[in-house]
Protein chains: 2
Amino acid sequence: MPDIMNKPRVVIFSQGDEVITGALVDTNAAYLAEQCRLLGFDIVRHVTVADDMAELIQVLKEVDAMADICLCTGGLGPTQDDLTTEAFSEAFQKTLEMDLEALEMMREFFAKLKAPMADVNKKQALLPTGSVRIDNRWGTAPGFTAVGQQCRFYFMPGVPFEMQQMMETFVLADLQRQFNVDQPQLITFRSMGMGESSIQQAVDELDIASDIRISFRAGMPENELKLLFPKHYSHQHIQAYIDDIKGALLGSVFAVDGFGQSVKSLPDCVDQLMAKNNLTLALIESLSQGDIARQCHPAWLRQAEVYPNVDDLMVKFGAEGKEVGEGLAVDLVKAHQAQHATNCSLIQLYERKTDSTVAVYTAVANHHSELSSTKEVWGRPLRQQTVASALALNLLRQLIQDL
Amino acid sequence: MPDIMNKPRVVIFSQGDEVITGALVDTNAAYLAEQCRLLGFDIVRHVTVADDMAELIQVLKEVDAMADICLCTGGLGPTQDDLTTEAFSEAFQKTLEMDLEALEMMREFFAKLKAPMADVNKKQALLPTGSVRIDNRWGTAPGFTAVGQQCRFYFMPGVPFEMQQMMETFVLADLQRQFNVDQPQLITFRSMGMGESSIQQAVDELDIASDIRISFRAGMPENELKLLFPKHYSHQHIQAYIDDIKGALLGSVFAVDGFGQSVKSLPDCVDQLMAKNNLTLALIESLSQGDIARQCHPAWLRQAEVYPNVDDLMVKFGAEGKEVGEGLAVDLVKAHQAQHATNCSLIQLYERKTDSTVAVYTAVANHHSELSSTKEVWGRPLRQQTVASALALNLLRQLIQDL
């Protein structure tokens, strides 16, 4: 596989006491790794160290010897704990120079905040000779890119928002300019109702070329299947794969992201359909306790009622003594829909089966038809809430998808 | 600082393609680092590599040379990608032996699942000579602990739940046995309504001894201030610090965790108070759209109504044409409380001020009194939801805390 040998090797380097001590989960590393994977690069290592000069210098040298690219976050702040620039300068004998443009941008940033710029901030405008500044219009610390002995380093702040803005406005384009790799195309299949191992098995049975990278992300209860196509694949060829995979996944795919469509999640999918069809919704939740409502857009969710205890719900809707089940859910949603001015209604009932299992009955209706489902849900309360609200959103999607 | 020199040096080592490519955020590393910090150890590095034999062997040797302890997750599964045990065996010339007890436990685990055990699983019972098995009663892969050249390694599965169970049932106790360090005491102040920089400034002005480690975690909108006291601090001494800090934080502290009390979050605090006082709640949400309801315990939340659009709420409660504000929130919550059998009622109204700012009016009442607040909230819709529901829970807490 000669093309793999030519892929740039990337190290993701995170710094700072908050990450090393576990006070913060390092979400930057996953974001940066994913971006590099989408560019077709190979990520060989993630490293995190504390704010310690000797450790920083040692790691910078190690990384320089092992990788072509290093994406580095953290340690660019104004305090004495922020040592990155100095460590880079020491590790590779680059002197530091005051970047007057950077200083001016920082002054403007503080002026906009109507805050005085402290003297300690000036240090943030010191950059190594030969480096290229990466402007930060979202915070104070400018970043920079520079080559050590042989590896190209990109230094960015640890604040996720600032880092992501700098990636999108400078680093991603610069990486493509500096490292001439054909960017692959990512297609994401979003599915519900089919387990991860069944998806894996169904995909294994398809004849997928070995240069297409396949990965899964098991959500709860959404599952993602991702295919990364090398650049030489034609539009038709990719379309054929999409059709095959949708068939193999037996109708569980609710959206395909990245091929002319952008659908980021099940709530996003429902939101697009509700908006396109100009619909409104009234909602009655029980087990999910408001978790459906908070995922709806206020433009089309008119009203939600939440009854954590199904008995209270039965009393409210005059159904005392009736048997809880899918049939009752359908009866109630039809009655509710008949009385309401919204285009759609949804109701959720549930019954406790064991300490950790409940049966969830969901029904949705519009003025023409209704759909309903029964599903056993296990696990901790929070998991049950999450699954129950996804079941509801998915049923609503099925009702409106074909409008 | 001689005691710091004696602290064991820890490396956190995560393995696997899902973490290295960014498909998964590595939450294990933060969990393990936090546990080690609470034991009084020093975390010097986090490293992540892909499932690659040469890389694994190299990293194991590097870690062995640099650390006293390595906590390692991932790579213990049955497939050909799972290389950890073999890599350890190669790196330090330890032969692998079939652990018959481990094999028997795996057979029992599969029998309980009523699933056949595949031949590939047998490999998971192969452990290096001289290692001590770490039982896994929550999955198939047993873990193990063994010394390389000089560093003690603990190998655990990458599934967070299995890893955490093994930490709690074996690893933490073993670490304390093997590494005789005086365990410090962690006190966490949970606060709302005071910004991170104000907290930092207030704490700076107190005279806190330099051997107490201070850290912050800025939540949204909860903030945590943590103090890690070395073992030699007496109960009285710690209590005096707690009193000082609560005073300095001007009433923003709603709970102190770790000193005879366990309060994990604002919803947990409210839950404990509602249960202790045997109260029930009826709820009317607008901006937060169900986000309050889902954080309440079903034992005491009787009913919630959600109106994303305040106009719909006004119609429902016969308040059309009235001015939206804190006063109206108080009137509505008092009327609502008078008509309902619950012990407490809460209502939330809001008004859009600019594209990204809303004013949130919250009022709570019981049969004796009421409390209300007005707060401007900015940011993206999800942030506004989160802040609005925290404001509501905090007001409810204030109402019931003194019962």
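Here, residues in each chain are numbered from 1, in the same order as that chain's written sequence. Both sets of labels track the order of writing: A upward for chains, 1 upward for ligands. Owing to the predicted nature of the model, reporting of local features is limited to residues with pLDDT of at least 70; listing and counting of side-chain atom pairs is limited to 80 or more, with chain, interface and lining totals taken over all residues. Hydrogens are left out, water is left out, and the side-chain values use all remaining heavy atoms of the structure.

Asks: How do you make sense of the interface of chain A and chain B when you look at a structure like this?
Replies: Where interface size is quoted, it is often the accessible area lost as the parts come together. Any two residues having at least one pair of non-hydrogen atoms within 4.5 Å are treated as being in contact. Between chain A and chain B, the contact holds 48 residues from the first and 48 residues from the second. Between chain A and chain B the total buried area reaches about 3,800 Å² when both faces are included, carbon and sulfur atoms providing 46% of it. Accessible-area loss on putting two parts together, using a 1.4 Å probe and summing over both, is the definition of buried area adopted here. Contact with chain B buries area across many residues of chain A, yet R45(A), Q289(A) and R294(A) alone supply 17% of it, more than any other trio. In the sections that follow, a salt bridge refers to a side-chain nitrogen of Lys or Arg positioned within 4 Å of a carboxyl oxygen of Asp or Glu. Run the count over chain A and chain B and you get 8 salt bridges. The shortest N-O distance in the salt bridge between E55(B) and R45(A) comes to 3.8 Å. We define a polar contact as two N or O atoms separated by no more than 3.5 Å, with the added condition that, inside protein, one atom must be a possible hydrogen donor and the other a possible acceptor, whereas residues neighbouring each other in sequence contribute only through side-chain atom pairs. There are 22 residue pairs in polar contact (both at pLDDT 80 or more) connecting chain A and chain B. Counting from the N terminus, the helices are DSSP H or I runs at least four residues long and the strands are E runs at least two residues long. Counting residues per element, the ones that place at least two in the side of chain A that touches chain B are helix 2 (17–20), helix 3 (27–38), strand 2 (42–49), helix 4 (53–66), strand 10 (213–218) and strand 14 (301–306) of chain A. The element contributing the most residues to the side of chain A that touches chain B is strand 2 of chain A, with 7 residues. Three classes are used: nonpolar for Ala, Val, Leu, Ile, Met, Phe, Trp, Tyr, Cys and Pro, charged for Asp, Glu, Lys and Arg, and polar for all others, with Gly counted as polar. Broken down by class, the residue content of the side of chain A that touches chain B amounts to 22 nonpolar, 11 polar and 15 charged. When strand 2 of chain A meets strand 2 (residues 42–49) of chain B, the two strands line up antiparallel, connected through 5 bridges. Its bridge partner lying in strand 2 of chain B, H46(A) is registered against T48(B). For two strands to count as paired, DSSP must find a minimum of two bridges between them.

Asks: Explain the pairing of strand 16 (residues 357–365) of chain A to me, please; I cannot follow it from the model alone.
Replies: Each regular strand carries side chains that alternate between the two faces of the sheet. Residues and elements named next belong to chain A. In terms of burial, strand 16 is largely enclosed, as 9 of its 9 residues are buried. Between buried and exposed lies partly exposed: a residue is buried under 20% and exposed over 50% of the maximum accessible area for its type, with that area taken using a 1.4 Å probe on protein chains only. Residues T357, A359, Y361, A363 and A365 of strand 16 are buried on one face, and the alternating residues V358, V360, T362 and V364, pointing to the opposite face, are buried as well. Here strand 15 (residues 344–354) runs beside strand 16; their pairing, made up of 9 bridges, is antiparallel. Pairing of T354 across the sheet is with T357, part of strand 16. Between the antiparallel neighbours strand 15 and strand 16 lie 2 residues. In this structure, strand 16 lies alongside strand 17 (residues 370–378), joined through 9 bridges in antiparallel fashion. By the bridge assignment, V360 is partnered in strand 17 with K375. What sits between the antiparallel neighbours strand 16 and strand 17 is a turn of 4 residues.

Asks: For this particular structure, what's the right way to read the pairing of strand 9 (residues 185–192) of chain A?
Replies: Residues and elements named next belong to chain A. Burial analysis of strand 9 places 7 of its 8 residues in the buried class, which makes it a mostly covered element. Here strand 9 runs beside strand 11 (residues 222–229); their pairing, made up of 8 bridges, is antiparallel. Each bridged residue has a counterpart across the sheet, and for F189 the counterpart in strand 11 is L225. Examined bridge by bridge, strand 9 and strand 12 (residues 253–257) share 4 bridges and lie antiparallel to one another. The residue bridging T188 from the neighbouring strand is D257, located in strand 12.

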